[in-house]
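Structure assessment
What follows is each chain in one-letter form.
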Amino acid sequence: MDTRRLQYHYELARMGSMRAVADVLGTTTSTVSQQIAQLSRETGARLLEPDGRGVRLTPAGRRLAEHARTILGAIDAATLDLDPAAEPSGTLRVAGFATAIRTTLMPIIKELAVDHPAVGIVVFEHEPAEALAQLAVDDIDLALTYDYNLAPDSVGPGVETLELWSTPWGLGVPNGDAERFAGGPGAADVFSAFRDRDWIGNSRNIADETVLRLLSSMAGFAPAMRHQADSLDLVEDLVLAGLGVGLLPENRPGKEGITILPLKNPGLRLRAFARTRAGRSAWPALALVLGRMNQCR
């Protein structure tokens, strides 16, 4: 089988339409169709069947797509491993959330500028779903993502993961409310005390709202999700203005007027990850950065 044709087939399985595959691979839908038809002849199996105005994979096509994922990942790994001792060089494209970029990536960028000047890093600030979407189509080499232990992220096949760090999160409320809070020690007790307040979610990541709704359900109510903010500074401003309460990291530098109430039983932790496409982590430039991140965990 021609591995280039396997690439067309795998991308079709992942993206669902020949037009999307053509756009990603920089070709035409006619070429995609022809290549997969030739692959079908090579394998002697029917790989596609009509589905309305489009096509879908047959059971044999789905099985071949799973093999293709493994084969293509192995080819990438083999190519990168041909000279594992090569001096790291090239441009590494990284997309991730702001905290991980600042705390984990920026120190490495400063170090590489001195020790490995042939390695360049391009940074894009994105929430996890956005970064993973770019990783899937090979627009970036490394995604820095997060999830919560109470709302685990579902990452599909073909992705390698390095866990970086985790930090506890609590509920940010005005100082006056915190002083009057006399509830129990559990997360449900904390949430129950603020059941009548408006709540602040995240404008770019549904995981925050998932956690808020989960813990609120444990306290027996549905939160009034009134505001959405991606910036933690803006969350704090909304809390200070009395417009709502929202999740904040417990280790965030204190801001006058705000108390972060710890959440226990269950506890809430944000978990940060470095994610790459399978088979790519052996590329010397990427391996260098991942190695530095692993050392700093």
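Here is a short report on the structure shown in this document. Just so you know, these numbers come straight off a predicted model, no measurement behind them. (Residues numbered from 1 in each chain as written. Predicted model: local features only at pLDDT ≥ 70, side-chain atom pairs only at ≥ 80, totals over all residues. Heavy atoms only, no water.)

On a plain count of helices and strands, the protein chain comes out with 11 helices and 11 strands. Projecting the C-alpha coordinates of the protein chain onto the three principal axes gives extents of approximately 75 × 55 × 30 Å. Summarising the internal contacts of the protein chain: among those between residues at least 6 apart in sequence, 73% fall at separations of at least 24. Positive and negative side-chain charges in the protein chain, numbering 30 and 36 respectively, have mean positions lying 6 Å apart. (Helix = DSSP H or I, 4+ residues; strand = E, 2+ residues; numbered from the N terminus. Contact = heavy atoms within 4.5 Å. Lys, Arg positive; Asp, Glu negative; His and termini not counted. Charge placed at Lys NZ, Arg CZ, Asp CG, Glu CD.)

We now examine the side chain of Arg-275. Take Arg-275: it is sitting in strand 11 (residues 269-277). Within the local environment of Arg-275, its side chain forms a polar contact with the side chain of Thr-161, the two groups lying 2.6 Å apart. The contact partners of Arg-275, leaving out residues within four places of it in the chain, are Leu-132, Leu-135, Asp-141, Leu-142, Ala-143, Thr-145, Asp-153, Val-155, Val-159, Glu-160 and Thr-161. (Polar contact = N/O pair within 3.5 Å; in protein donor to acceptor, adjacent residues only side chain to side chain.)

Scanning the entire structure with this criterion turns up seven aromatic pairs. Ring geometry for Phe-181 and Phe-194: centres 6.3 Å apart, planes at 25°, overall stacked. Of this pair, Phe-181 sits in the loop between helix 7 (175-180) and helix 8 (187-192) while Phe-194 sits in the loop between helix 8 and strand 7 (198-201), placing them 13 residues apart in sequence. Given a relative accessible area of 3%, Phe-194 falls into the buried group. Ring geometry for Trp-199 versus Phe-221: centroids 6.1 Å apart, planes at 40°, classification tilted. Of the two residues, Trp-199 is situated in strand 7 and Phe-221 in the loop between helix 9 (207-218) and strand 8 (224-228); the sequence distance between them amounts to 22 residues. The burial state of Trp-199 is the same as that of Phe-221; both residues are buried. Taking the ring centre of Phe-273 as reference, the NZ or CZ of Arg-275 above it sits at 4.4 Å. (Phe/Tyr/Trp six-rings, centres within 6.5 Å; stacked < 30°, edge-to-face > 60°. Buried < 20%, exposed > 50% of the residue type's maximum accessible area, 1.4 Å probe, protein only. Lys NZ or Arg CZ within 6 Å of the ring centre and 35° of its normal.)

On the basis of relative accessible area, Phe-221 is assigned to the buried category, the value being 12%. Taking C-alpha positions, Phe-221 is 18 Å from Ala-207, a pair spaced 14 residues apart along the chain. Phe-221 has contacts with Phe-191, Ser-192, Arg-195, Trp-199 and Ser-216, leaving out every residue within four places of it along the chain.

Attention shifts here to the pattern of salt bridges. Enumeration over the complete set of coordinates arrives at 21 salt bridges. The salt bridge partner of Arg-14 is Glu-11, with a shortest N-O separation of 2.6 Å. Of the two residues, Arg-14 and Glu-11 are both situated in helix 1 (residues 3-15); the distance of three residues between them amounts to about one turn of the helix. Note on Arg-14: relative accessible area 31%, which makes it partly exposed. Note on Glu-11: relative accessible area 2%, which makes it buried. Glu-236 is paired through a salt bridge with Arg-252; the nearest N and O atoms lie 2.8 Å apart. In this pair, Glu-236 is assigned in helix 10 (residues 232-240) and Arg-252 in the loop between strand 9 (245-249) and strand 10 (258-262), connecting sequence segments 16 residues apart. With relative accessibility at 22%, the residue Arg-252 sits in the partly exposed group. Residues joined by salt bridges that share partners form a network here, namely Asp-233, Glu-236, Asp-237, Arg-252 and Lys-255. (Salt bridge = Lys/Arg side-chain N within 4 Å of Asp/Glu carboxyl O.)

Formed by 46 residues in total, the largest nonpolar core has its most connected members in Leu-142, Leu-144, Tyr-148, Leu-171, Phe-191, Leu-263 and Met-293. For this core, the leading source of residues is helix 11 (residues 284-295), giving six residues. With residues up to four places along the chain from it excluded, the contact list for Leu-142 reads Arg-93, Val-94, Ala-95, Leu-135, Ala-274, Arg-275, Thr-276, Leu-286, Val-289, Leu-290 and Met-293. Counting 17 residues, the second largest nonpolar core, distinct from the first, contains Tyr-8, Ala-22, Leu-48 and Ala-68. (Core = buried A, V, L, I, M, F, W, Y, C linked by side-chain atoms within 4.5 Å.)

Below, the discussion takes up the side chain of Arg-5. Inspection of the secondary structure assignment puts Arg-5 in helix 1. With relative accessibility at 17%, the residue Arg-5 sits in the buried group.

Pairing of strand 1 (residues 48-51) with strand 2 (residues 54-57), which is carried by four bridges, proceeds in the antiparallel orientation. Counted as the bridge partner of Glu-49 is Arg-56 from strand 2. Connecting strand 1 to the next strand, strand 2, in antiparallel fashion are two residues, including Gly-52 with a positive phi near 65°. (Pairing = 2+ DSSP bridges.)

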